[in-house]
Amino acid sequence: MTPATHNRHPDGDLPFEELYDRYFEPVNRYLRYRVDTAWDADDLTTTVFMKALENFSKYRAEGPFSAWLFRIAHNVYVDYIRGRREYVTNDGFLESAVGSDDGPEQAVLQGEEIIRLRKLLIELAPDYRDVVALRYAAELRFAQIAEVLGKSESAVRMLHHRALKQLRQRYVCEGGNVR
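Residues numbered from 1 in each chain as written. Predicted model: local features only at pLDDT ≥ 70, side-chain atom pairs only at ≥ 80, totals over all residues. Heavy atoms only, no water.

Examining the packing of helix α3 (residues 38–54) against helix α4 (residues 65–84)
Just so we agree on the cut-off: Working convention: axes come from line fits to C-alpha atoms, limited for helices to the stretch in contact. Angles between N-to-C directions cover 0 to 180 degrees. Comment: elements are numbered from the N terminus, with helices defined as DSSP H or I runs of at least four residues and strands as E runs of at least two. The cut-offs work like this: below 35 degrees is roughly parallel, past 145 is roughly antiparallel, 65 to 115 is roughly perpendicular, and the gaps in between are oblique. Crossings are assigned a handedness: left-handed for a near helix turned anticlockwise from the far helix by less than a right angle, right-handed for a clockwise turn. Contacts between residues were defined by any pair of non-hydrogen atoms, one from each residue, lying within 4.5 Å. When residues are sorted by character, Ala, Val, Leu, Ile, Met, Phe, Trp, Tyr, Cys and Pro go into the nonpolar class, Asp, Glu, Lys and Arg into the charged class, and all the rest, Gly among them, into the polar class.
Contact geometry for α3 and α4: axes closest at 9 Å, N-to-C directions at 130°. Comparing their axes, α4 and α3 come out oblique. In terms of crossing hand, the pair formed by α3 and α4 is right-handed. Residues Asp40, Leu44, Thr47, Val48, Phe49, Lys51 and Ala52 of α3 pack against Trp68, Leu69, Ile72, Ala73, Val76, Tyr80 and Arg84 of α4. Tallied by class, residues from the contact of α3 with α4 come to 10 nonpolar, 1 polar and 3 charged.

Pasting the structure below:
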């Protein structure tokens, strides 16, 4: 087997290098949302792609590549948390939503909203946090999230609905306005 053949996606679509280029940012964004520092997220992203490369020949295209890759990312994250024995999150995901073209007053108000949302996200149940992170930070579809978490798509949709409902209720209780 030639090196070029070895590094090809089993269904012949794309070589690993192109898949890396396509999925690096979403995986890194997902991990930046989930961990304490950008450095940790970068290290974990490297670990994800190393594991994916090591196991690339085992991927059988029974589901989307993104679901397989984010399953690895989720497992790497879980291993990281087990080692730390605490849940941590990063502000980068929320802060990236803040526009840099806004004036100083708007930036301060958005900063306060980010702090409020960060607190509310941390308080969510772990299943809710997983679904929210995979949906918004990783930008996965419900079917892909279901594959990553080993749940049915309807269960993921219900978790997503309940997470957003809980966030909305808590946000309003703390004086936030839902648009």
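Having seen the model, we can carry on.
Some thoughts on helix α2 (residues 16–34)
Cut-off, in case you're wondering: Take the number of residues in a helix, subtract one, and multiply by 1.5 Å to get its expected span. The quantity called bend is, for any residue, the angle between two axes fitted respectively to the seven residues ending at it and the seven beginning at it. Exposure categories follow from relative accessible area, calculated using a 1.4 Å probe and restricted to protein chains: below 20% of the type maximum is buried, above 50% is exposed, and the middle band is partly exposed.
Compared with the 27 Å implied by 1.5 Å per residue over 19 residues, the 25 Å span of α2 between its first and last C-alpha is a close match. Of all the bends in α2, the greatest reaches close to 45° and is centred on Tyr23; the proline Pro26 follows between one and four positions later. Here α2 has its buried residues at Phe16, Leu19, Tyr23, Pro26, Val27, Asn28, Tyr30, Leu31, Tyr33 and Arg34.

That is the geometry; function is a separate question.
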